[in-house]
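Topology and contacts: notes
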Amino acid sequence: MFGFIASRILQAIPVLLVVGFLAFALFTYVGDPIAIMLPQDHTEAQRLQLIHDLGLDQPFIVQYWHFLLNALHGNFGNSYRMAQPVLTLIGERLPATLELAVTATILAFAIGVPMGVYTGINRTGWLSRLFMIVSLIGVSLPTFLLGILLILCFAVWLGWLPSFGRGTVSHIGGWWTTGFTSWSGIRSLILPAITLGMFQMTLIMRLVRAEMLEVLRADYIKFARARGLTNRSIYFGHALKNTLVPVITVIGLQFGGIVAFSLVTETVFQWPGMGLLLVQSVSSADIPVMSAYLLLIALVFVIINLIVDLLYYAVDPRLRVRR
Amino acid sequence: MALLDVIDLSVEFPTRRGTLRALERVSFSIEPGEVLGVVGESGAGKSLTGAAIVGLLERPGRIAGGEIRLNGERIDTMPPEAMRRIRGRRIGTIFQDPLTTLNPLYTIGRQLTETMQTHLPLSDKAARTKAIEWLDRVGIPAAGQRIDAYPHQFSGGQRQRVVIALALCAEPALVVADEPTTALDVSIQAQIITLLKDLTRDHGTAVMLVTHDMGVIAETADRVAVMYAGRIAEIGPVAQVIRHPAHPYTEGLMASIPTLTHRANRLRQIDGAMPRLDAMPPGCRFHPRCPIAIPRCTAEQPELMDADGTRAACWVQAHG
Amino acid sequence: MKARLARAWDSDLFYGFRTSPVALAAGLVLLVLIVAAAFAPFLAPHNPMDVASLSLLDSFKPPVGMADADWSNPLGTDNQGRDVLSAIMYGLRISLAVGISAVVLAVIVGIAIGLASGYAGGTLDAVLMRIADVQLTFPSILTALLVDGVITVALPRTMRDAVQIYVMIFAIGISLWPGFARTVRGSTLVERNKDYVLAARVIGVRPWRIMLFHVMPNVIGPVLVIGTLGLGLAVIAEATLSFLGVGLPPTQPSLGTLIRFGNDFLFSGQWWVSVFPGLTLILMVLAINLLGDWMRDALNPKLR
């Protein structure tokens, strides 16, 4: 078991290093930090001095090393646009994104899995067809469009829910901000969470359905029927368990998708999260933020992959046999 | 009264190109405790017959005519819930591939106790004890520990033993065994067949043994039905069918089996191939390949008729 | 040739298409959209790009059915008097052009890498697939965004607007190749061990010829399915990027850009500027997905 984890971590390190390298290359070569940091009328001597101060006259490898060291300490330099340490900026925005992402994931799961199971078992039938149509629209609907339509409907026309912002937030634990403590915070969360979760929900539903259909065709299901087992134990015992195993991986990776699509949702709803930060930095060529984001995202994905692998290991007994 | 009566069973498959008749008026019966072998080439309809009997025909296949009676009671028209109670409890099934027949995510103990508790009123503890007994009886060593193992931790032969245990644990009166040894090593095949034979004899269970292996039939069966192109060509006591086959197809089958007692330079074979479902010849389905066909064979399809100790569907060899 | 057409008409695939109302409807809708897009300059009632023809007097006309509307602008106009219907048609052109080009790029790269990887095996395979896997863990939209952002920044400012559309195509295409590569590789692995490949190798046919002429025709099926669904993804990706403001410049508005423009007017009540382009987008992607879904079921050997 530990060998498994260790080997996975070992595999993850080169990935991180490569991404780190890309992030660093981004940082150094694209855009010109010097030009931005110097006042308009600078002398050549000042420029050289700054280069020396920043360590930019050192060999490439040394710079890379410093970059990595700094990164490990959480020092990504200062944002060009906001003139604040990148880490602070990210820290401010992280709770917002996480709260949104987690809510959306829970929503996607809670609705997607049962719907998928239902449509997998009852292939025909009007409710199944309805679900399938909804799922098809869900997949064809770009996230931002859904957000816009929801805003139009619930905020502009009906006026039930707020259309932007996070509502009233409170600080807990010194650094985290949460919107769950206020009614306006929760109300503000509803539309963005639905928007963000919708795509994932339809994906989950279709995946669960497809897996369910595949599993129901398997020989062991045929044998279970031949033994006279009840529909209940066949569907919710044998079939469901075997369905969930491959679904788990995808669901784990879906969290990554949610983090990505939060970009769009945050933009539409002006939700003060990391996604909005990234979009703003891409359009203003704020390299430090972009490269820090890159590295951070890579880290998140590696961790998620590790967790998913562990889950797989826990659920599927076949993986525990090591020759 | 026979345990199982199959009367004029027909199975068809509606397809885009027309309806294909996979089984055409198949009739036979099985007495309590007897072993009926069902032989034939691939595609002759043996497995379909078994599937139809337990009500597990795969869509779009459906029963197009005839009756299936278990202890006199019709089961082909039963509602699904009633049929479910019959499956496992009164008719057990053994499938071909032990690798895919067992759910890889459940322990074999769980699969056993689940089956038993579905059909018999047993407490968890009692079910578990019985499960261990069954594993023991099918020859799994250290049954007490192995009961919590997963299917992938067993060898192919052992898995099939578990499958046999699963088929018999609810104590059915009839077991349909569909090619139970085909997927196994030759050395294991004999063991499995012996196990099956012993267990069913001890419990008085009847067996419908579907296979294309005549050797297994000779060893195990009391009677044998030879199927060809969706019909029964010949049916009778094993010894009689093997030594004095009446139907030309059976005759060809027996002759094509190589033996050590007879020197020959070439293997005998039956010329031609079994016709496809959408290209059935009129009259007797075997007539294009038959060495003794007469004009009547091309026009009328023969039914099973008496022929010297067996029953055969042949205008020439049998007399109605 | 006639015989080949007749065979194709009668083939299972086409028969399924002919008799499936869903597939037919989707195909029809798509055809209409493609024609509208391709022939926009001829079919559109107005030219929204032609500044001279615009008049502020026409601004914010609502769509037909509401007060003050008329049939010369059936879907209304935006804040500068541009006809929404025409803008949609021109926008469709861009959206489809970018989407199709991106998918074609992804397919070519994906097939090339997939074939090479599957056929060669060994280290090449391991390395290429590792790269694909790593990229697959990132959602394609993120990859597209980052690639787009990096290249845009790397280019000198003057060039940016002109090549933006190619940068987009490249970014989206790059974000989609791993899916194709993995599928093609999988199929190649299966085919590689088949007898016809062995026969070709024994005769001495060079590897690339084997890959291209013998193996590839057999792996086209799944590629078609993924390609169709990928087209949907590409179109959505382009729309999203344009909506976020990191996509095409305002002089070549795609449907996504149009939606972004109109977003500002949602609260003041002129919803049609955003909603109609949005509905068109949904319709197009829906049709693509329906077609792709149907194709997947039709080509799946296990369901036949």
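Right, let's walk through the structure included here. Everything numeric in this text was worked out from a predicted model, so none of it was measured.

Before going further, it helps to spend a moment on the overall build of chain C. Each helix and strand in chain C was counted, giving twelve helices and zero strands. Secondary structure elements of chain C occur, N-terminal to C-terminal, as α-α-α-α-α-α-α-α-α-α-α-α. Sorting the 304 residues of chain C into buried and exposed places 48% on the buried side. Within chain C, counting contacts between residues at least 6 apart in sequence, those at least 24 apart form 70% of the total. When the accessible surface of chain C is split by element, carbon and sulfur atoms take 67% of a total near 14,500 Å².

This brings us to the overall build of chain B. Of regular secondary structure, chain B possesses twelve helices and twelve strands. Against the compact-globule benchmark of 20 Å for 320 residues, chain B has a radius of gyration of 21 Å, which places it among compact chains. With the C-alpha coordinates aligned to their principal axes, the bounding extent of chain B is approximately 65 × 50 × 40 Å. Contacts in chain B between residues far apart in sequence, at least 24 positions, make up 63% of those at least 6 positions apart.

At the interface, 35 residues of chain C touch 43 residues of chain A. Approximately 3,500 Å² of surface area, both sides summed, lies buried where chain C meets chain A, with 83% of it carried by carbon and sulfur atoms. Counting every contact that joins chain C to chain A gives zero salt bridges. Every element with two or more residues in the side of chain C that touches chain A is listed here: helix 6 (122-137), helix 7 (140-154), helix 10 (207-244), helix 11 (255-263) and helix 12 (272-299) of chain C. Per-element accounting of the side of chain C that touches chain A gives the leading share, nine residues, to helix 12 of chain C.

Okay, helix 8 (residues 186-203) of chain B next. All names here are of chain B. Compared with the 26 Å implied by 1.5 Å per residue over 18 residues, the 26 Å span of helix 8 between its first and last C-alpha is a close match. Among the residues of helix 8, those classed as buried are Q189, I192, I193, L195, L196, L199 and T200. Summarising the axial view, the buried residues of helix 8 lie within an arc of 160°, below the 170-degree limit, and thus occupy one face. What points out from helix 8, more than 90 degrees from its buried face, is the exposed set S187, R201 and D202. Where helix 8 terminates, the next one or two residues include G204, which has phi positive at roughly 70°.

Residue and element names in this part refer to chain A. The geometry of helix 6 (residues 126-140) relative to helix 8 (residues 183-216) is characterised by a closest axis approach of 8 Å and an angle of 130° between their N-to-C directions. As the angle between them shows, helix 6 and helix 8 are arranged oblique. In the packing of helix 6 onto helix 8, the handedness of the crossing is left-handed. Contact residues: F131, M132, V134, S135, L136, G138 and V139 in helix 6; M198, F199, T202, M205, R206 and R209 in helix 8.

Tallied over the full model, the rule gives six aromatic pairs over all chains. Consider the rings of A:Y118 and A:F131, whose centres lie 6.0 Å apart with planes at 80°: the pair is edge-to-face. One end of the pair, A:Y118, is in helix 5 (residues 86-121); the other, A:F131, is in helix 6, with 13 residues separating them in the sequence. Ring geometry for B:Y228 against B:F286: centres 5.1 Å apart, planes inclined by 90°, an arrangement best described as edge-to-face. Of the two residues, B:Y228 sits in strand 9 (residues 223-228) while B:F286 sits in the loop between helix 11 (248-256) and helix 12 (295-299), which places them 58 residues apart along the sequence.

This brings us to the pairing of strand 2 (residues 18-30) of chain B. All names here are of chain B. Judged from the nine bridges that link them, strand 1 (residues 4-15) and strand 2 form a sheet pairing that is antiparallel. Looking at strand 2, one finds that V11 is bridged to L23. Between the end of strand 1 and the start of strand 2, which pair antiparallel, lie two residues.

On to helix 4 (residues 108-119) of chain B, then. Residue and element names in this part refer to chain B. Taking 1.5 Å per residue, twelve residues should reach 16 Å; helix 4 reaches 17 Å between its end C-alpha atoms and fits that length. Counting buried positions along helix 4 gives nine out of twelve residues, so the element sits mostly inside the fold. All buried positions along helix 4 are accounted for by I108, G109, Q111, L112, T113, E114, T115, M116 and H119.

Let us now look at the interface of chain B and chain A. At the interface, 24 residues of chain B touch 21 residues of chain A. Counting each side, the surface lost to burial between chain B and chain A is near 2,200 Å², with a carbon and sulfur contribution of 62%. Remark: the boundary between chain B and chain A carries one salt bridge. Ionic pairing is found between A:R227 and B:E114, a salt bridge with its closest N-O pair at 3.9 Å.

The next subject is the environment of B:R21. All names here are of chain B. Within the element layout of this structure, R21 appears in strand 2. Taking relative accessible area as the criterion, R21 reaches 28% and is therefore assigned partly exposed. R21 sits 40 residues away from G61 along the chain, and the two C-alpha atoms are 9.5 Å apart. At a separation of 3.4 Å, a polar atom in the side chain of R21 contacts the side chain of S10. One polar contact links R21 to E24, side chain to side chain, over a distance of 3.4 Å.

Another aspect to go through is the pattern of salt bridges. It is possible for side chains bearing opposite charge to pair when their charged atoms get close. All names here are of chain B. Inspection of every chain in the model, using the stated rule, returns 26 salt bridges over all chains. Among the salt bridges present, the one from E12 reaches R62, with a minimum N-O distance of 2.9 Å. Note that E12 is positioned in strand 1 and R62 in strand 4 (residues 62-70), a separation of 50 residues in sequence. Here R62 falls in the partly exposed class, since its relative accessible area comes to 42%. Between E81 and R84 there is a salt bridge, with the nearest N and O atoms lying 2.9 Å from each other. Of the two residues, E81 and R84 are both situated in helix 2 (residues 80-86); the distance of three residues between them amounts to about one turn of the helix. Using a relative accessible area of 41% as the deciding quantity, one classes E81 as partly exposed. On the basis of relative accessibility, which here comes to 12%, the residue R84 falls in the buried class. A single network of salt bridges, built from pairs that share partners, joins E12, R21, E24, R25, R62, R231, R285 and E303.

Conventions adopted
- By convention here, each chain's residues receive numbers from 1 onward along its written sequence.
- Chain letters and ligand numbers both follow the written order, the letters beginning at A and the numbers at 1.
- Local features in a predicted model are, by the rule used here, given only for residues with pLDDT of at least 70; side-chain atom pairs are given and counted only at 80 or more, and totals for whole chains, interfaces and linings are based on all residues.
- Heavy atoms from the whole structure form the basis of all side-chain values; hydrogens and water molecules are not counted.
- Helix numbers and strand numbers start at the N terminus; a helix is a DSSP run of H or I with at least 4 residues, a strand a run of E with at least 2.
- Burial status follows relative accessibility: with a 1.4 Å probe on protein chains alone, a residue under 20% of its type maximum counts as buried, one over 50% as exposed, and anything between as partly exposed.
- Here, residues are in contact when the closest pair of their heavy atoms is within 4.5 Å.
- In these tables, accessible area is a Shrake-Rupley quantity obtained with a 1.4 Å probe, and a residue counts as shielded only by the protein chains included in the view.
- It is over C-alpha atoms that the radius of gyration is taken, and the globule rule equals 2.2 Å times the number of residues to the power 0.38.
- The term buried area refers to how much accessible surface (probe radius 1.4 Å) is lost by two components on association, counted for both of them together.
- Salt bridge, as used here, is a side-chain nitrogen of Lys or Arg placed within 4 Å of a carboxyl oxygen of Asp or Glu.
- Here, expected helix span is obtained from the residue count minus one, scaled by 1.5 Å.
- Note that the arc is computed from the directions linking the helix axis to the C-beta atoms.
- What counts as an axis is a line fitted to C-alpha atoms, over the stretch in contact for a helix, and the angles between N-to-C directions run from 0 to 180 degrees.
- Here is the rule for angles: anything less than 35 degrees is roughly parallel, anything more than 145 is roughly antiparallel, 65 through 115 is roughly perpendicular, and the remaining ranges are oblique.
- Helix crossings get a hand from a simple test, with the near helix turned counterclockwise from the far one by less than a right angle marking a left-handed crossing and a clockwise turn marking a right-handed one.
- Aromatic pairing here means that ring centres of Phe, Tyr or Trp (its six-membered ring) are within 6.5 Å. Orientation follows from the plane angle: under 30 degrees is stacked, over 60 is edge-to-face, and everything else is tilted.
- Following DSSP output, two strands are said to pair if at least two bridges run between them.
- Here a polar contact is recorded for every N or O atom pair within 3.5 Å, except that within protein the pair must consist of a potential hydrogen donor and a potential acceptor, and residues adjacent in sequence are included only if both atoms are side-chain atoms.

Read these as layout, nothing more, since geometry by itself doesn't imply function.
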